[in-house]
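Residue strings, one per chain:
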Amino acid sequence: MACAAVMIPGLRCSVGAVCTQGASLRLTVSTVRHLTLTSIMKSKRKTDHMERTASVTRQEIVSAAKVCGAANESPSVKSLRLLIADQDFSFKAGQWVDFFIPGVSVVGGFSICSSPRLLEQERMIELAVKYTNHPPALWVHNKCTLDSEVAVRVGGEFFFDPQPAEASRNLVLIAGGVGINPLLSILRHAADLLREQANKGRGYEIGTIKLFYSAKNTSELLFKKNILDLVNEFPEKIACSLHVTKQTTQISAELKPYITERRITEKEIRDHISKETLFYICGPPPMTDFFSKQLENNHVPKEHIYFEKWW
């Protein structure tokens, strides 16, 4: 992963290499406003992000951002690391961004997969974008470069943001395909909370976290190393069950203990039901509908079930 030379006063980019000083983000307030208005007006297809999320809460801040890192996470998914210009920009683990691209009239909608702590420490967020024919995704895969300038605005009501005095909760995270993105943000945030407890003896005291993650094959299981690193760092707190539905090649030795060659089942999820457990689900709509309905049928309170659908 390489890094373009980009600086905002007081910030340093640390993706792959230290950035040289002097460059800056040049998206002006008027440019950002123009991007917002024209993109909203032109995003009229019912499958568009802006149409689907028209009634969803958004922050007021639209921040300029610069691409400072890129990598291929799978044959179909590219990750980006963005340096955020606005010091007041913030998000909660699980939320997404409206993604404004100069010259592209349609707004992208991409979940943040990094933790809020990365933004606090380095002014960075990370996204992972699946290849589709949607103009923002095409731009990310075909035209985006390490110095590309964009604008982002936080939105979404799917998040995990516990306060220190709140009751301890267990988390069950259920992901399908690229639906791992917001759940990885939540998982990383949970790990940050565990580190804070371990190092400082304060902050929110989280319970156990179990990730169920399904994809077509192991090459489409995103962020495998990141997930297993967290499992190994917190073996008594974090566990994962990785599922593949159409595996045709041999599974590597390091992955094999965590892999099940079938879909996630209702029973596996039901075994984790308790009054202290919150369920977060993100994946294709049929999968999300199925598990949220099954949890309700098993008397899990609606306020303990959170889901996000990505088309």
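Definitions and cut-offs
Residues numbered from 1 in each chain as written. Predicted model: local features only at pLDDT ≥ 70, side-chain atom pairs only at ≥ 80, totals over all residues. Heavy atoms only, no water. Helix = DSSP H or I, 4+ residues; strand = E, 2+ residues; numbered from the N terminus. Expected span 1.5 Å × (residues − 1). Buried < 20%, exposed > 50% of the residue type's maximum accessible area, 1.4 Å probe, protein only. Polar contact = N/O pair within 3.5 Å; in protein donor to acceptor, adjacent residues only side chain to side chain. Contact = heavy atoms within 4.5 Å. pLDDT = per-residue confidence, 0-100. Pairing = 2+ DSSP bridges. Axes fitted to C-alpha atoms, helices over the stretch in contact; angles between N-to-C directions. Phe/Tyr/Trp six-rings, centres within 6.5 Å; stacked < 30°, edge-to-face > 60°. Patch = residues over 30% accessible without salt bridge, like charges linked within 9 Å, V, L, I, M, F, W, Y side chains within 5 Å. Areas by Shrake-Rupley, 256 points an atom, 1.4 Å probe, with all protein chains shown as cover. Salt bridge = Lys/Arg side-chain N within 4 Å of Asp/Glu carboxyl O. Lys, Arg positive; Asp, Glu negative; His and termini not counted. Charge placed at Lys NZ, Arg CZ, Asp CG, Glu CD.

K.L.:
So what exactly am I meant to see when it comes to helix α5 (residues 180–200) here?
P.N.:
Given 3.6 residues per helical turn, the α-helix brings residues three or four places apart onto the same face. Compared with the 30 Å implied by 1.5 Å per residue over 21 residues, the 29 Å span of α5 between its first and last C-alpha is a close match. α5 sits mainly inside the fold: 16 of its 21 residues count as buried. Following α5 by one or two positions, G201 adopts a phi angle in the positive range, close to 65 degrees.

K.L.:
Help me understand unusual backbone geometry in this model?
P.N.:
Trans peptide bonds make up most of the peptide bonds, and negative phi angles are found at most residues other than glycine. Positive phi is not limited to glycine here, since R123 has a value of about 60 degrees. Here R123 is to be found in the loop between α3 (116–122) and β5 (124–130). Owing to a relative accessible area of 9%, R123 belongs among the buried residues under this scheme. Located in the positive-phi region is H299, a residue other than glycine, with phi close to 70 degrees. By the secondary structure assignment, H299 is in the loop between α8 (285–297) and β12 (305–309). The exposed category is assigned to H299, whose relative accessible area is 72%.

K.L.:
What exactly am I supposed to notice about the side chain of N217 here?
P.N.:
Position of N217 relative to the elements: it lies in the loop between β8 (209–215) and α6 (224–233). Looking at N217, its side chain comes within polar contact range of the side chain of S219, at 2.5 Å. Once residues lying within four places of it in the same chain are set aside, the contact partners of N217 are V244, K246 and Q247.

K.L.:
Sorry if this is basic, but what is going on with the side chain of S241 here?
P.N.:
As for its position among the elements, S241 is in strand β9 (residues 238–244). Under the relative-accessibility criterion, S241 is labelled buried at 9%. A polar side-chain atom of S241 sits 2.9 Å from a polar atom in the side chain of H243. Those residues in contact with S241, other than ones at most four positions away along the chain, are K210, L211, F212, Y213, Y258, T260 and E268.

K.L.:
I'm lost on the confidence of the model for the chain in this one. Help?
P.N.:
For any part of a model where pLDDT is low, the fine detail of the predicted coordinates should not be relied upon. Averaged over all residues, the pLDDT of the chain is 88; the fraction at 70 or higher stands at 84%. Of the regions scoring below 50 in pLDDT, residues 1–24 engages in 64 contacts with residues more than four places distant in sequence or in other chains. A low-confidence stretch, residues 39–46 stays under pLDDT 50, and its non-local contacts, those more than four residues away or across chains, total 19 contacts.

K.L.:
So what exactly am I meant to see when it comes to the sheet that holds strand β2 (residues 77–84) here?
P.N.:
By definition, the strands of a sheet pair up through backbone hydrogen bonds, in either a parallel or an antiparallel sense. One open sheet holds the 6 strands; their spatial order is β4-β3-β6-β1-β2-β5, and the pairing between them is antiparallel. Each having just a single partner strand, β4 (108–111) and β5 make up the two edges of the open sheet. Within this sheet the neighbouring strands show an average axis-to-axis angle of 40 degrees, counted without direction. In terms of strand pairing, strand β1 (residues 63–74) meets strand β6 (residues 149–155) through 4 bridges, oriented antiparallel.

K.L.:
Can you walk me through the packing of aromatic side chains in this structure?
P.N.:
Aromatic ring pairs are defined here through the distance separating the ring centres and the angle between the ring planes. Across all of its chains, the model carries 7 aromatic pairs by this definition. On the numbers, 6.2 Å between centres and 75 degrees between planes, the contact of F160 with Y204 is edge-to-face. Taken as a pair, F160 in the loop between β6 and β7 (170–176) and Y204 in the loop between α5 and β8 lie far apart in primary sequence, 44 residues in all. Given the relative accessible area of 3%, F160 is considered buried.

K.L.:
So what exactly am I meant to see when it comes to a positive patch on the surface here?
P.N.:
Residues K130, K216, K246 and R263 make up a contiguous surface patch of positive charge. With respect to the element layout, K216 can be found in the loop between β8 and α6. With relative accessibility at 45%, the residue K216 sits in the partly exposed group.

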